[in-house]
Structure formats: structure tokens, C-alpha cells
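# Residue-level structure breakdown
The chain contents come next:
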Amino acid sequence: QVRFVESGGGLVQPGGSLRLSCAASGSIFRVYVMGWYRQTPGKQREWVAGISNGGLTNYADSVKGRFTISRDNAKNTVYLQMNSLKPGDTAVYYCNTHPLGPYGDSWGQGTQVTVSS
């Protein structure tokens, strides 16, 4: 069954902004800390940001101060507001639990973010 559905990616110029969304199955969302991850071709998937049920957040150093993670518990949705985007942020973005747990092999289709002039 579908557990994670990401959306909101696109092509943006350097310095621009995007807001990603991820709808997760309620049984997962209610229990787990949620996170955003990203992957570029030939590289391992890397963690980007995480948010607890209570709204506590943490970020990878590479995005700290530029990205903001949030969640809407009523909608079982986690968001990633990305500002001041750089070409190095180009990747496919995914959501999952954080840290990866029993759903670590159940990735969604992801959403492509391309930062280019």
C-alpha cells in the first residue's frame, strides 16, 4: 500500500523557493518522527530535516537556516519550505520516518527539485 506521497517539486532559479509536501499514512504519521531526505544520481540518500509529533525540529548543516520543516497532524502531512535554494540542492526529495525504521524500504516516488539558471 502507498505510505508516502511527495509533491511540490519543480525547476527554480538559484535563490528561489519551493514548498514540498508529503502525505503519509495516518498510522505512521501519528506515531513517528517524520523526516525529509534527498538523493542525487550515484549518491546515497541523505537526511535533510526531521520533526517530532510535538514540533521539535532538526536539520542537516547543509540546509540549516534555509529550509524549514513543519507538519499538520490533522492532515497527516509534513512540509519542507526551501528558501535560498542552491544548485547543490538539486535532488529527488523523499519523506519517511526519522530515523529510518520499519518503513525504511517503503519509499514513495519522490519529487524532483532542480535548481538551475
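Look above for the structure.
Below you will find a few notes about this structure. (Residues numbered from 1 in each chain as written. Predicted model: local features only at pLDDT ≥ 70, side-chain atom pairs only at ≥ 80, totals over all residues. Heavy atoms only, no water.)

### Concerning the sheet that holds strand β2 (residues 10-12)
On the basis of which strands lie adjacent, the open sheet formed by 6 strands has the order β2-β10-β9-β4-β5-β6 and mixed pairing. Across the chains shown, the open sheet's two edge strands, defined by having one partner strand only, are β2 and β6 (57-59). In this sheet, neighbouring strand axes are inclined to one another by 25° on average, regardless of whether the strands run parallel or antiparallel. As defined by bridge partners, strand β5 (residues 46-51) adjoins β6 across 3 bridges and the pair is classed as antiparallel. Note that in β6 the partner of glycine 50 across the bridge is asparagine 58. (Pairing = 2+ DSSP bridges. Helix = DSSP H or I, 4+ residues; strand = E, 2+ residues; numbered from the N terminus. Axes fitted to C-alpha atoms, helices over the stretch in contact; angles between N-to-C directions.)

### Some points on the nonpolar core
With 28 residues, the main nonpolar core has Trp36, Val78, Leu80, Met82 and Tyr93 as its most contacted residues. Mapped onto this core, the elements with two or more residues apiece are β3 (18-24), α1 (26-29), β4 (34-39), β5, β7 (67-72), β8 (77-82), β9 (91-97) and β10 (111-115). Among the elements that take part in this core, β3 stands out by supplying 4 residues, more than any other. Discounting chain neighbours no more than four positions away, the residues touching valine 78 are Leu20, Ser21, Cys22, Phe29, Met34, Trp36, Ile51, Ile69, Ser70, Arg71 and Cys95. (Core = buried A, V, L, I, M, F, W, Y, C linked by side-chain atoms within 4.5 Å. Buried < 20%, exposed > 50% of the residue type's maximum accessible area, 1.4 Å probe, protein only. Contact = heavy atoms within 4.5 Å.)

### Concerning the side chain of arginine 38
Tracing the backbone shows arginine 38 in strand β4. By relative accessible area, arginine 38 is classed as buried at 6%. Only 2.7 Å separates the side chain of arginine 38 from the side chain of glutamate 46, close enough to count as a polar contact. A distance of 2.9 Å separates the side chain of arginine 38 from the side chain of aspartate 89, its partner in a polar contact. Discounting residues that sit within four places of it in the chain, arginine 38 has contacts with Gln44, Arg45, Glu46, Val48, Ser62, Val63, Phe67, Gly88, Asp89, Ala91, Val92 and Tyr93. (Polar contact = N/O pair within 3.5 Å; in protein donor to acceptor, adjacent residues only side chain to side chain.)

### Considering the packing of aromatic side chains
With the rule as written, the count across this model stands at 3 aromatic pairs. Taking 5.9 Å as the distance between ring centres and 90° as the angle between the ring planes, the aromatic pair formed by tyrosine 32 and tyrosine 103 counts as edge-to-face. Of this pair, tyrosine 32 sits in the loop between α1 and β4 while tyrosine 103 is found in the loop between β9 and β10, placing the two residues 71 residues apart along the sequence. With centroids separated by 5.7 Å and ring planes inclined at 75°, the aromatic side chains of tyrosine 94 and tryptophan 107 adopt a geometry described as edge-to-face. Here tyrosine 94, found in strand β9, pairs with tryptophan 107, found in the loop between β9 and β10; they are 13 residues apart in sequence, far enough to count as distant. For tyrosine 94, a relative accessible area of 11% corresponds to the buried category. Given the relative accessible area of 22%, tryptophan 107 is considered partly exposed. Ring pairs connect the aromatic residues Tyr37, Tyr94 and Trp107, which therefore count as one cluster. (Phe/Tyr/Trp six-rings, centres within 6.5 Å; stacked < 30°, edge-to-face > 60°.)

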